[in-house]
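Structural overview for review
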Amino acid sequence: NAGVTQTPKFRILKIGQSMTLQCAQDMNHNYMYWYRQDPGMGLKLIYYSVGAGITDKGEVPNGYNVSRSTTEDFPLRLELAAPSQTSVYFCASSRDRGLEQFFGPGTRLTVL
Amino acid sequence: ELKVEQNPLFLSMQEGKNYTIYCNYSTTSDRLYWYRQDPGKSLESLFVLLSNGAVKQEGRLMASLDTKARLSTLHITAAVHDLSATYFCAVDSSNTGKLIFGQGTTLQVKP
């Protein structure tokens with residue numbers, strides 16, 4: 001099993017550009033999550049999903065969108081990149097809500 | 001609004017010493033998680049604590065949960081250099097899987 005995979009590993013965007021961060025898991029987990037981690041800080045939840053077709057907002061959803069058309073994939077979309085979105089983005093998944101979350105390797109995004 | 005606070009935020013200790021990291025949270029919850037993060041890396045799950053009084057141990061690390069005091073502790077016994085990392089606690093107060101993370105405690109173990 002590859003676990004949770006994320007692409008790309010690094011990306012530099014200009015202000016106003018758009019991009020999609022990809023996340024996939026091969027563990028057949030129902031729950032998937034997107035977090036961001038700013039330097040020296042803990043993680044903050046952006047969006048999460050409890051299954052295909054179902055998504056909900058986390059603590060910091062503004063400026064982001066998600067979709068969940070399959071169990072395996074949970075892409076995160078940035079429509080109009082802003083410097084405040086410079087961060088490391090982690091995707092995670094869990095089999096159920098009370099169980100441990102498995103994290104992907106992260107995407108380091110810089111917006112200039 | 002749920003708040004999760006860790007104490008201390010930075011800890012420098014000698015090998016062989018014992019120490020405890022504290023995680024306080026502001027609203028009722030019986031689900032608490034501990035993660036480890038090495039510099040520039042992802043998060044690795046250490047412990048999942050799902051009830052009051054839960055205690056789990058793995059090697060030199062032991063975690064406990066007191067839901068009445070809204071407190072979890074991560075105890076380090078006879079620290080070794082390999083334990084140097086940042087440790088996060090996270091709380092799920094709504095039983096939805098939506099975790100609120102603490103700020104992290106950076107542990108530096110010196111020979």
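A brief structural summary.

Attention now goes to the sheet that holds strand β3 (residues 19–25) of chain B. All names here are of chain B. Pairing within the open sheet is antiparallel, and its 5 strands lie in the order β1-β3-β8-β7-β6. Every other strand in the sheet has two partners, leaving β1 (4–7) and β6 (55–58) as the edge strands with one partner each. Along the sheet, successive strands turn relative to each other by an average axial angle of 15°, direction set aside. Relative to β3, β1 runs antiparallel, the two being bridged by 4 bridges. Note on β3: the bridge partner recorded for E5 is N24.

So, about the interface of chain A and chain B. Opposite the 22 residues of chain A that make contact, chain B presents 21 residues. When the two sides are added together, the surface that chain A and chain B hide from each other amounts to roughly 1600 Å², 53% of it contributed by carbon and sulfur. Put simply, chain A and chain B have 6 residue pairs in polar contact (both at pLDDT 80 or more) between them. Secondary structure elements with two or more residues in the side of chain A that touches chain B: β4 (31–37) and β5 (43–51) of chain A. Its residues assigned to classes, the side of chain A that touches chain B comprises 11 nonpolar, 7 polar and 4 charged.

Residue and element names in this part refer to chain A. Spatial ordering of the open sheet is given by β1-β3-β8-β7, a layout of 4 strands whose pairing is antiparallel. Looking at which strands have only one partner, the edges of the open sheet turn out to be β1 (4–7) and β7 (64–66). In this sheet, neighbouring strand axes are inclined to one another by 20° on average, regardless of whether the strands run parallel or antiparallel. Pairing between β1 and strand β3 (residues 19–25): 4 bridges, direction antiparallel. Directly across from Q6, in β3, lies its bridge partner C23.

What follows covers the nonpolar core. Grouped together as the largest cluster of nonpolar side chains are 26 residues, with contacts concentrated most on V4, L32, W34, L74, Y87 and L107 of chain B. When residues of this core are traced back to their parent elements, those giving at least two are β2 (10–14), β3, β4 (32–37), β5 (43–49), β7 (61–66), β8 (71–76), β9 (85–91) and β11 (105–110) of chain B. Of all the elements, β9 of chain B adds the most residues to this core, at 4 residues. With residues up to four places along the chain from it excluded, the contact list for L74 of chain B reads Y19, T20, I21, W34, F47, L61, M62, A63 and Y87 of chain B. L13, L21, I46 and A81 of chain A belong to the second-largest nonpolar core, a separate cluster that totals 19 residues.

Criteria and thresholds
Residues numbered from 1 in each chain as written. Chains lettered and ligands numbered in written order. Predicted model: local features only at pLDDT ≥ 70, side-chain atom pairs only at ≥ 80, totals over all residues. Heavy atoms only, no water. Pairing = 2+ DSSP bridges. Helix = DSSP H or I, 4+ residues; strand = E, 2+ residues; numbered from the N terminus. Axes fitted to C-alpha atoms, helices over the stretch in contact; angles between N-to-C directions. Contact = heavy atoms within 4.5 Å. Buried area = accessible area lost by both parts, 1.4 Å probe. Polar contact = N/O pair within 3.5 Å; in protein donor to acceptor, adjacent residues only side chain to side chain. Nonpolar A, V, L, I, M, F, W, Y, C, P; charged D, E, K, R; others polar. Core = buried A, V, L, I, M, F, W, Y, C linked by side-chain atoms within 4.5 Å. Buried < 20%, exposed > 50% of the residue type's maximum accessible area, 1.4 Å probe, protein only.

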